[in-house]
Structures are given as C-alpha cells and as structure tokens.
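Given next are the chains, with one letter for each unit.
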Amino acid sequence: MMDLQNLTSIFKERLLRIPDYQRGYAWTENQLKDFWEDLLQLQSDRVHYTGVITLESVPEKIWSKWEDDQWIIEDLGYKPFYVVDGQQRLTTSMILLQAIIESLEEGQIIASQSAQKIKEKFIVLQAEQSIAKSFIFGYEKDNPSNEFLKTQIFNESSSKYESKETLYTRNLIAAKEFFAERLQETDIDQIAVIYKKLTQKFKFNLYEISDEIDVFVTFETMNNRGKRLSHLELLKNRLIYLSTLFQDNHGKETLRADINNAWKTIYEYLGKSLNNTLDDDAFLRNHWIMYFKFSKKKGDDYIKYLLEDKFTAKSVLHAENVNEALKIQEISDYVASLQKSIKYWFYMHNPYFKEANDLTDRQKISLERLNRLSFRRFKPLILAAYVAGKDPEQIALMLERIEKFNFTIFNISQRRPSTRETEFFNLSKKLLFGEIEISEAIDKINQSFNDYFDAKRFITAIEDKYKLGSREGFYDWDGLRYFQYEYEQHLKRNAKQSTDKLSWEEWNDNHHKDFVTIEHIFPQTPTDPYWISHFGMLNKEQQHLFTHSLGNLVPLSRAKNSKLLNHAFDLKVNDGNGCGYFNGSYSEIEISQPPVVWDPDQIKQRGLNLLNFLEKRWNIQLGDDSIKLKLLHVDFLTFNVLEESA
C-alpha cells in the first residue's frame, strides 16, 4: 500500500527502528544543505515531495525482546517497524527537530506546542508515574550509533554509552551542529515556520513492505538521496542475510551478533583519526588480496568476487555439492579476520596514534616513512604479518626492506609500478595462513631488490628530465620531496633536536604549494649582480643545468620564496628583516653557515654530499664521484677553470 504522508502522520503510534543490516547515518554537508534549502524555499501553502519511506513490520518474536519498549507497544498500542529505506531523511528530520527543541527558551511555544510536547511526539516518551521510557525513533539495540543518538543527539542520559566515535556517529553530530548554527541565526517566528514545514509540508511516499518480499534483497537495491550504499555496507547486509539462511544451525544468532560487532569495530577504526579518515574500499580490497586471492583485473574485482562468487545465497542453499557449500564457520572466520585486521590497518596508516601500543618504535619509524613515500603493493603483505602475529623484530626488518625497495626500485631505478606486484600479493596470503615464514618474505624482497636495482637508470631518468617536458632536471624528480625530507630528518638527528622545522603534511600539500616549497638557491632568473659575478662564466644552457641540479635545491619551511626570489645569496641567508635561511629548515640552516657564498663549486659539493647521504641512508652504490657528477649534470667543466675565471 502506498500513501503520501507527513512526519506527523508517519510518527502517529509508530515505533521506528533502523535495523542492524542498515548503514549508519551517511549524510554530509552537501545533503544537509539541500535539505535545509528545500525547507527555506518551500512556500507555506505548498507541499514538498521528500522521497520514499519503506517500513517493515517487526514480528512479535523480535519486539518481545525489546525490554525498554514493551510497555509502549502493549499499553499504548504503538506498532514497531523497521525502516528499510528512507532512514537518512528520517534521521535528518529527527536531528533537526532536536535542534529546534534545543533552540527554544524555557516556556517558548511554537505551533501551539511546547518543547516537551514535540519531544514526546517524535523523540522519546516516558510512561506516567514510571521511569520507563521509549525512543520513538532510533537504531536497533546493538547498533553502535544507538547509544550515541540517544545521548549525544537527543541529550538523554544512558549508562550504556561508550564514548567511541565511528564515521557514522561523526556524521550525526556534524548534522546537529549544522542545524544548530543555522537556527541560531533564525528568530522564533521563523523557527515555528520551519517546524510546521518539516512536520506537515514535507511529504513522503509511505510504503509498508509485504512479507512475501525479501527485505535484504530489497535493501541492496535501494539508494538514498545522494549517497549510494558503499561496498562495505552491502557486504554487511549480505552477510547478515546469509546468516538467516542457516535455518537449523544454532550458531546463526551468534554469527549475526559477530557481524554487527565486527562492523562496529571497522567503522570505529576507519574514522578513528579526525585528520586521516580511511577509505573502506581500500581496506576491503587489500584484505581480500591477503585473505582470498589476487587478480590482475582492476576496479571492483574484489567486490564482485565477494558479492557475486563467494558470499551468495546460492553458495549456501544450492551449491553443486555439499562439500562446496558455504559453511557458517567460513563466514565467521572471514568476519573475525576483518575485525582483527582493521586495527592493524589503522595503525599502519597512523603509527604514532596514542593507542598504537602494538607497534615497536622501530616499526613506527618505517611505517611513517612508508606513509610519506607510498606503500605501493606491500599493504597486504604488511597487514598479513601483523594479523598472523609475526615476530615484532622481523616485522620491523621487513618494513625497512620494503621502504628501501620502494624508494630505490621505483624512485631511483624508475621501474614500472607493477614490478613484482603479483608475487608480493601472493606472498601475503601464504604469510597469513602460515605457508611461509616472514624470513622467507624478507628474502624475496631482498632478492627482488638485487634483480631490479640499477643506478644507471637513475642517470638516464634525470637526463630525460633535463631534455623532455619541463626540462627541470632534479626539480622534476618524483623522489625529490621524500628524499629531501629524509635528509632534513637526518640533519635534525645530527643536531640532537626533537622539533621538526619542516612539516611533511604542509610541505607535501599540493593545494598550498606557495606555503611551503622547494627553492632554487641559484635562481632561474639570475639578474642580480651577485649571480652574474659568480655564474657569468657559464652559458645559458650550463646555468640551466646548475639551476636544476640536486645541490641547488632546498626545502623552505615557510612562505618566503616569493620574498627571496632572485635576491643575492647573502640576502637569501638573511635579508635583515627576519627572513632568510638562517631561521628556516635544518637544510636551510646548513646552507647558511659560513662561508656565505654560493657558486658552481658549492652546488657541486652539496650535490655530492647529498648523493653520499643517499648511498648511506639506503645502503646502495651509485658509483664513484665521476659518475655522481654526471648524474648531477655538473661534469661539463673543470672546477679549477671556474675558479680561475671567477
């Protein structure tokens, strides 16, 4: 049956619950703005079609276990329903209603109702002469958003609340703050108009789903406004659905609870860091590679395998033979692995998070480096080492070998991104299930380094960068920022300092290139007399080679490149107004030390020093000084001649 109804009629003697297979609150600012603008622009004599609300009646065998709600169902005749579709709109409406209630001063009335009456109609109702109370709208009991909604959104006390945030709870509080800010700018008369529009003029197609329709399949095919179901949400729904198919298995209720607990943990860790929210698809795909298999197909190959091949109703009910049928234990093991893996996945990306006690200091250093450099194809292997509980010192050694491999093979030897991809992916599954020891994985990484490292390719690559495209030599090298940051950390350690003068996050932020940048010490436009006197013996092409040579590039720790520009070197060191290398990054400070001069010989010497550091830091050999000078592109003149000419 389909009927156009407003919130007032929808909530009349209905108890609405978002079931455990539903996603949490997914709306963000874009959807909230649309919702708010729809309210403001709606004329008072018109109605606004808001979408579909699909409900499923909750059977007595389920609601009879809802201890807090039995009184309102049995005594007041409220009918309990699951919200199968439309929960984003309903949740948003409830959050706005709560924000309206909180915006009212004591004794204020809107639409002939007090704040308490509005709350009793839509939010929570307490029994007369009893402490019993029921929430008119909410999540199922075990949903991680349930207690958060009660306490942090509806401001009701609860002894069961644990202050753990997830991506969904963060969206809930953000929505409340969004509406609260807008209501602060709105007078009481306008708030009353908004309330009446929300509860009377926003109309929904209300649909009560029949028993013949499979609610889990229905859920998978439904989309909420502006926010499609994520793969992680679809997978949860599918696994819960499969748990219902094991009719004669007493473990199905335990499995359903385990799935809910696992997803609670997953969403907690995906959103645990405010500054580094993790992508659920990346987690699912890397876990799939480690746990099941790897294919060279791209895109959504992992989710097709999970939802179309592995976890299907057919694999439970209609397998070709009994031995191939999907067992409840298989689902349980997979869910347990996901739950265990998400914690280590989070620590891999946030090694210095305050709760990362499982990591050693040696591991944290390498993981932080890999987050700056790139894990490339090694995430499944690293995850497998942690989940399998391998020796911490062996894990630390493997991380160091991976960092070396990624920098030297891809940024120095310039190998293809897919180099040894399949081999390392396949190693992760073997490591997870004990088919190999971690020492064997480390040996494979070392052997791959020996097979693919080639310093000559570095010379060729830099030569190409001088000839092709921007013609900017080392300035266009894809490993420059990571290398310079590692050198910066080396100088910090040598200075026995604990404070960074260069923030990786700011320096590597492509959206703020003018804030922290890489400076050409000898400038690209050397018009100042200082540069003419020190580099005038070189022709234009030779000056170009020196300009973009490694030794002439320095990371700046603040937005001063626009101030330093083409100034003479002594002014770049200290312009007399508090700006200069003297108070900048450790690399700048090193350059500012006497003698305060910058000429071709200084660029040559600093370039050699940097390459010597590179060899020592990554334990590789680039060649003797003649090869290094060729790599630096400063081997075309003897420096004795340069000194005589100067």
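See the structure shown above.
Notes on the structure follow. (Residues numbered from 1 in each chain as written. Predicted model: local features only at pLDDT ≥ 70, side-chain atom pairs only at ≥ 80, totals over all residues. Heavy atoms only, no water.)

## Observations concerning the overall build of the protein chain
Next up, step 1: Of the regular secondary structure elements, the protein chain holds 32 helices and 12 strands.
Next up, step 2: Expressed along its principal axes, the backbone C-alpha trace of the protein chain runs to roughly 105 × 70 × 40 Å.
Next up, step 3: Within the protein chain, the fraction of its 646 residues that count as buried is 53%.
Next up, step 4: Counting contacts in the protein chain only where the partners sit at least 6 residues apart, residues at least 24 apart contribute 74% of the total.
Next up, step 5: Carbon and sulfur atoms make up 45% of the accessible area of the protein chain, which totals about 30,200 Å². (Helix = DSSP H or I, 4+ residues; strand = E, 2+ residues; numbered from the N terminus. Buried < 20%, exposed > 50% of the residue type's maximum accessible area, 1.4 Å probe, protein only. Contact = heavy atoms within 4.5 Å. Areas by Shrake-Rupley, 256 points an atom, 1.4 Å probe, with all protein chains shown as cover.)

## Structural notes on unusual backbone geometry
Next up, step 1: The amide bond that connects Pro594 to the next residue, Pro595, takes the cis arrangement and shows omega of 0°.
Next up, step 2: Here the phi dihedral of Arg376 falls at roughly 50°; this positive angle occurs in a residue that is not glycine.
Next up, step 3: Looking at the secondary structure, you find Arg376 in the loop between helix 17 (361-373) and helix 18 (379-387).
Next up, step 4: A positive phi is found at Gln414, a non-glycine position, where the angle reads about 60°.
Next up, step 5: Examined against the element boundaries, Gln414 turns out to sit in the loop between helix 19 (392-412) and helix 20 (421-432).
Next up, step 6: Among the residues examined, Gln414 registers a relative accessible area of 23% and is labelled partly exposed.

## Description of the environment of Leu96
Next up, step 1: Counting through the fold element by element, Leu96 comes out in helix 5 (residues 87-103).
Next up, step 2: Along the chain, Leu96 and Tyr195 lie 99 residues apart, while their C-alpha atoms are 8.9 Å from each other.
Next up, step 3: Ignoring any residue separated from it by four or fewer positions in sequence, one finds Leu96 in contact with Phe35, Trp36, Leu39, Phe179, Leu183 and Leu198.

## A closer look at the nonpolar core
Next up, step 1: Membership of the largest hydrophobic core comes to 135 residues, with the highest contact counts inside it found for Trp263 and Ile382.
Next up, step 2: Counting residues per element, this core draws most heavily on helix 16 (residues 328-349), at 11 residues.
Next up, step 3: Of all hydrophobic cores here, the second largest spans 62 residues; its members include Phe11, Leu90, Ile95 and Ala99. (Core = buried A, V, L, I, M, F, W, Y, C linked by side-chain atoms within 4.5 Å.)

## Describing the packing of aromatic side chains
Aromatic rings in a pair are described by how distant their centres are and how their planes are angled relative to each other.
Next up, step 1: Across all of its chains, the model carries 51 aromatic pairs by this definition.
Next up, step 2: Judged by centre distance (5.9 Å) and plane angle (50°), the rings of Trp477 and Phe483 are tilted. The pair formed by Trp477 and Phe483 is uniform in burial state, with each residue classed as buried.
Next up, step 3: When the ring of Phe535 is compared with that of Phe546, the centres are 6.5 Å apart and the planes differ by 70°; the resulting orientation is edge-to-face. Taken together, the positions of Phe535 in helix 25 (residues 529-535) and Phe546 in helix 26 (residues 540-547) put the pair 11 residues apart, joining distant regions of the chain. Summarising the burial analysis for this pair, Phe535 and Phe546 share the class buried.
Next up, step 4: Site record: aromatic cluster; members linked through ring pairs are Phe407, Phe458, Phe474, Trp477, Tyr482, Phe483, Tyr487, Phe613 and Trp618. (Phe/Tyr/Trp six-rings, centres within 6.5 Å; stacked < 30°, edge-to-face > 60°.)

## Here's the deal with the packing of helix 17 against helix 19
Next up, step 1: Contact pair helix 17 / helix 19: the axes reach a minimum separation of 9 Å and the direction vectors enclose 25°. One finds that helix 17 runs roughly parallel with respect to helix 19. Helix 17 and helix 19 meet at a crossing whose hand is left-handed. Contacts from Arg362, Gln363, Ser366, Leu367, Arg369, Leu370 and Leu373 in helix 17 reach Pro392, Glu393, Ile395, Ala396, Leu397, Leu399, Glu400, Ile402, Glu403, Asn406, Phe407 and Asn411 in helix 19.
Next up, step 2: Classifying every residue of the contact of helix 17 with helix 19 gives 10 nonpolar, four polar and five charged. (Axes fitted to C-alpha atoms, helices over the stretch in contact; angles between N-to-C directions. Parallel < 35°, antiparallel > 145°, perpendicular 65-115°, else oblique. Left-handed = near helix turned anticlockwise from the far one by under 90°. Nonpolar A, V, L, I, M, F, W, Y, C, P; charged D, E, K, R; others polar.)

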